[in-house]
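# Examining the three-dimensional arrangement
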Amino acid sequence: MTLRLYDTATRSVRDFVPREAGKVGVYLCGLTLQAPPHIGHLRSGVSYDVLRRWLLAAGYEVTFVRNLTDIDDKILVKAQEQGKPFWSIAYANELKLAEAYRALGVLPPTYEPRATGHIPEMHELIAQLIERGHAYPAGDGSGDVYFDVRSWPAYGALSNQSPDDMQSADCAPERGKRDPRDFALWKGAKPDEPADAYWPSPWGRGRPGWHIECSAMCWRYLGAEFDIHGGGLDLIFPHHENELAQSQAADLPFARYWVHHGLLGIGGTKMGKSLGNTLDLAYVAGLGVRPVELRYYYVAAHYRARIDYSEDALRAEAVAYRRIEGFVQRAAERVGAGQLGELPAGFAAAMDDDLNTSAALAVLHEVVRDGNNALADGDDVTVRTALGSVRAMLDILGVDPLDPAWTGGARASDLRDVVDSLVALALEQRAQARVRKDWAAADALRDQLKRAGVVVEDTPQGPRWTIGEQD
């Protein structure tokens, strides 16, 4: 099958045909760095990481660009509130974001440009738009430059709405605009904002608008036309609508496919910094849920589906992952970790169907069930085949428990040795209790281990333990 993706621009699922055979250019709108990331933000990174892994598995050479917005009105507000330079706040949150992505096994981007590093490209684009009659400097001496929405007849096509039905753009005061819907490309310096948050420009000292930065960075790293532009559904308007208009008005064909992921909400509302309802990785860890289990929670839903966060749902997916992990560990103990095997046709078909990870996981669970049956029957040939297939599927989803991203190298190995020793001691005490026929003591030890997240399974070869569901 050919990979098919839902394209927001055409509102249809389309066959994916790259601009250049064998190569794919992807641009993902990254975070605005006014605060640390929450688990809603992190869903974006995981969703496009799965897309990237599937493209790589198909043999494509992927250039993956994920930008960072390190200059913005919201960052400047934080700078004033905290009495710190805007760039120190942005950089601190950039480091926290990188740490969170590493924790979730998200592959590093090919390029991760910052907005402040691309001011010249923005100036060049703005100058082209002015020359073509699609932008204008404000006539009030503010130094602002605006995109003329009425000059671009296709404006509104991406979000499927008419400019007549749109509200005023709130990215800048209306005093210098020809039309309230015009949006800022360049923002003139203001006396009440930090003095170090500006750059010289042909239109006066100022800083970039939010939308122009992404057009400039797409152009710089992916060229005039590229394959996939990604981001959350909340970015379709105005951000992506404005990107598309200003890029094409500057004679850049821009993105061939627009792929948007669903949001992660809480209590029926959007999870957002401004709403004060955000949860981070530390909170999830406090629930006893590991980063790999949070990643599994994300991929268990289709990337375009809305997820309404609940602890019960998160814990249920964590338990589901632990069952898969348990099979992988038991099979690897029996036949060795081996190599990644063949992907089942059903899994591949699901992934080609607009990255239908929920259907792909149904295939994975079938193979795990067959593998567990083979373990019980002592059929090592089938166990080895099932393990290779399961690991191949988990690798695409980024949750293979034997991947070094999750085993953690030497420190994790050392910790496992310590846990092995402690559990072995408890199992020895349980075995002695069973020899004494002190069944109450043996059961109490087993239950204590279970409460600690260690499930003991009595087998003909002796007791075996795995990380399992906690009470």
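In the annotation of an unreviewed UniProt entry, the protein is listed under the name Cysteine--tRNA ligase and assigned to Micromonospora endophytica.

As a further point, take the domain arrangement of the protein. One can read the domain layout of the protein as domain 1 (4–261), domain 2 (288–397) and domain 3 (417–467). For domain 1 versus domain 2, the separation of C-alpha centres amounts to 35 Å. Of the residues lining the interface, 22 residues belong to domain 1; the matching set on domain 2 comes to 25 residues. For the pair domain 1 and domain 2, the two sides together bury roughly 2,000 Å², of which 64% comes from carbon and sulfur. On inspection of domain 1 and its partner domain 2, the count reaches one salt bridge. For the interface between domain 1 and domain 2, the tally reads twelve residue pairs in polar contact (both at pLDDT 80 or more). Looking at the side of domain 1 that touches domain 2, the elements with two or more residues in it are strand 1 (4–7), helix 1 (39–57) and strand 10 (254–261).

Next up on the list: the pattern of salt bridges. According to the stated counting rule, one finds 30 salt bridges in the structure shown. For Arg-114, the salt bridge goes to Glu-94, with nearest N and O atoms at 2.8 Å. Taken as a pair, Arg-114 in the loop between helix 3 (86–103) and helix 4 (119–131) and Glu-94 in helix 3 lie far apart in primary sequence, 20 residues in all. With a shortest N-O distance of 3.5 Å, Arg-446 and Asp-447 are connected by a salt bridge. Overlapping salt bridges, with partners in common, bring together Asp-73, Lys-187, Glu-193 and Arg-207 in one network.

Turning to the sheet that holds strand 10, a few remarks are in order. The sheet built from four strands is open, its strands ordered 4-3-9-10 with parallel pairing. In this open sheet, the two edge strands, each paired with only one partner strand, are strand 4 (61–66) and strand 10. Across the sheet, the mean angle from the axis of one strand to that of its neighbour is 25°, orientation sign disregarded. Bridge count between strand 3 (residues 23–28) and strand 4: six bridges; the pairing is parallel. Bridging from a neighbouring strand, Leu-28 pairs with Arg-66 of strand 4.

In spatial order, the strands read 12-11-13; together these three strands make up an open sheet with mixed pairing. Where the open sheet ends on each side, the last strands, each with one partner, are strand 12 (269–270) and strand 13 (307–309). Sheet analysis places strand 11 (residues 264–266) next to strand 12, joined by two bridges and oriented antiparallel. Directly across from Gly-265, in strand 12, lies its bridge partner Lys-270.

The rules we used
- Residues numbered from 1 in each chain as written.
- Predicted model: local features only at pLDDT ≥ 70, side-chain atom pairs only at ≥ 80, totals over all residues.
- Heavy atoms only, no water.
- Domains from an automatic or database assignment.
- Contact = heavy atoms within 4.5 Å.
- Buried area = accessible area lost by both parts, 1.4 Å probe.
- Salt bridge = Lys/Arg side-chain N within 4 Å of Asp/Glu carboxyl O.
- Polar contact = N/O pair within 3.5 Å; in protein donor to acceptor, adjacent residues only side chain to side chain.
- Helix = DSSP H or I, 4+ residues; strand = E, 2+ residues; numbered from the N terminus.
- Pairing = 2+ DSSP bridges.
- Axes fitted to C-alpha atoms, helices over the stretch in contact; angles between N-to-C directions.

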